[in-house]
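Each chain, written out:
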Amino acid sequence: MSFVSRYVRCAGYEIHLTDWGAPGAPVVVAWHGLARTGRDMDELAAHLAAHGWRVLCPDTLGRGLSQWSRDPQREYTLAFYARVVEELLDQLGVQRVQWVGTSMGGAIGTVCAAGLLAPRLHGRITHLVLNDNAPQLAGPALERIKAYAGQPPQFDTVMELEAFFRRTYAPFGWLSDAQWLRLTETSLRRLSDGRVTPHYDPAMVQQFTRHENDYLVWPHYDRLDIPVLCLRGAESDLVLPAVVQEMQRRGPGARGLLDVVEVPGCGHAPALNVPQQLAWVQRFLQGQPAQG
């Protein structure tokens, strides 16, 4: 299954996405994590497209092939990302979507589905998968993310960058050698001196330094009245078991709409690239319990 690479102008910026599957099929938006790109979703997108969905995998503002912000302090925020989502769906003529979000992508999906930041999005997301994301994230893990995200490393060779990614993203779980190489090639850029570095704007870390509580989104989660699947990496240091328990008592959890699956062999965050993980997501989007 192949994709079409597309560029759409949203909120004053050129946003890149890959578009998988038949144009008239039900739509899934698959949104990547903080310092990643939409190409992380290739396996999930190919799987869902083969089972009847159209899958849209955007690069967030400041990541991958999308433009970088001209106003990092204001625009690298969940509120601005929600504006981008609203304009992206409008420009593509998409009214209803199911949403799969890894880490940051889950937070974006939560605030979009709730509609508090972008009221016109309320009701347009019908199912929400939170891949190792929750309405409250662990402080020490956020500090770790701030430490590496704001100072992306530089390497002389692609092989050195791949080795760095293998160490840094070991909590993703199992990836084949070909998948590690693709992850590297689809998330690097060359600098003016010819060295390579991860393909994102280091200023995006201002979401944490300037907006410390941007990812504390309980009011948005509490408003959700749609089915939610939380895939928690069993070894995650970002989504703590106590927070998942609180999710079960509040919002969609209290309404009987929350499904929780612990993903063995993963921390933050499962790569959604192996048959079991793909099957959990597929069953949930089909309206079935994720674990069958």
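**Focus: the pairing of strand E5 (residues 97-102)**
Turning to step 1, where the next piece is worked out: With 6 of 6 residues buried, E5 lies mostly within the body of the structure.
Turning to step 2, where the next piece is worked out: Taking every second residue as pointing to the same face, both faces of E5 are buried, with Val97, Trp99 and Gly101 on one and Gln98, Val100 and Thr102 on the other.
Turning to step 3, where the next piece is worked out: Pairing of strand E3 (residues 27-31) with E5 involves 5 bridges; the strand directions are parallel. Residue pairing in the sheet places Val28 in a bridge with Gln98 of E5.

**Regarding the packing of aromatic side chains**
Turning to step 1, where the next piece is worked out: According to the stated counting rule, one finds 9 aromatic pairs in the structure shown.
Turning to step 2, where the next piece is worked out: For the ring pair Phe155 and Phe164, a centre distance of 5.6 Å and an interplane angle of 40° mean the geometry is tilted.
Turning to step 3, where the next piece is worked out: Where Phe164 meets Phe165, the ring centres are 5.8 Å apart and the plane angle is 50°; that geometry is what we call tilted. In this structure, Phe164 and Phe165 share a single accessibility class: buried.
Turning to step 4, where the next piece is worked out: Ring-pair connections join several aromatic residues into one group, and the members of that group are Phe155, Phe164, Phe165, Tyr169 and Phe172.
Turning to step 5, where the next piece is worked out: Just above the ring of Phe165 sits the side chain of Arg36; from NZ or CZ to the centre is 5.6 Å.

**As for the confidence of the model for the protein chain**
Turning to step 1, where the next piece is worked out: Overall, the predicted model of the protein chain reaches an average pLDDT of 97, with 100% of residues at or above 70.
Turning to step 2, where the next piece is worked out: Least confident of the elements in the protein chain is helix H5 (residues 139-149), whose mean pLDDT is 85; most confident is E3, at 99.

**A word on the packing of helix H1 (residues 42-50) against helix H12 (residues 275-285)**
Turning to step 1, where the next piece is worked out: As a packed pair, H1 and H12 sit with axes 10 Å apart at the nearest point and diverge in direction by 50°. In terms of axis orientation, H1 runs oblique to H12. In the crossing of H1 with H12, the sense of the turn from one axis to the other is right-handed. Contact with H1, carried on its side by Glu43, Leu44, His47 and Leu48, involves Leu278, Val281, Gln282 and Leu285 of H12 and no other residues of that element.

**Notes on unusual backbone geometry**
Turning to step 1, where the next piece is worked out: Cis geometry is adopted by the peptide bond preceding Ala269, which originates at His268 and carries an omega value of 0°.
Turning to step 2, where the next piece is worked out: Considering the arrangement of structural elements, one finds Ala269 in the loop between strand E10 (258-263) and H12.
Turning to step 3, where the next piece is worked out: One non-glycine residue, Asp132, adopts positive backbone phi at about 50°.
Turning to step 4, where the next piece is worked out: As for its position among the elements, Asp132 is in the loop between strand E6 (125-131) and H5.
Turning to step 5, where the next piece is worked out: Residue classification places Asp132 among the buried positions, given a relative accessible area of 0%.

Rules behind the numbers
Residues numbered from 1 in each chain as written. Predicted model: local features only at pLDDT ≥ 70, side-chain atom pairs only at ≥ 80, totals over all residues. Heavy atoms only, no water. Buried < 20%, exposed > 50% of the residue type's maximum accessible area, 1.4 Å probe, protein only. Helix = DSSP H or I, 4+ residues; strand = E, 2+ residues; numbered from the N terminus. Pairing = 2+ DSSP bridges. Phe/Tyr/Trp six-rings, centres within 6.5 Å; stacked < 30°, edge-to-face > 60°. Lys NZ or Arg CZ within 6 Å of the ring centre and 35° of its normal. pLDDT = per-residue confidence, 0-100. Axes fitted to C-alpha atoms, helices over the stretch in contact; angles between N-to-C directions. Parallel < 35°, antiparallel > 145°, perpendicular 65-115°, else oblique. Left-handed = near helix turned anticlockwise from the far one by under 90°. Contact = heavy atoms within 4.5 Å.

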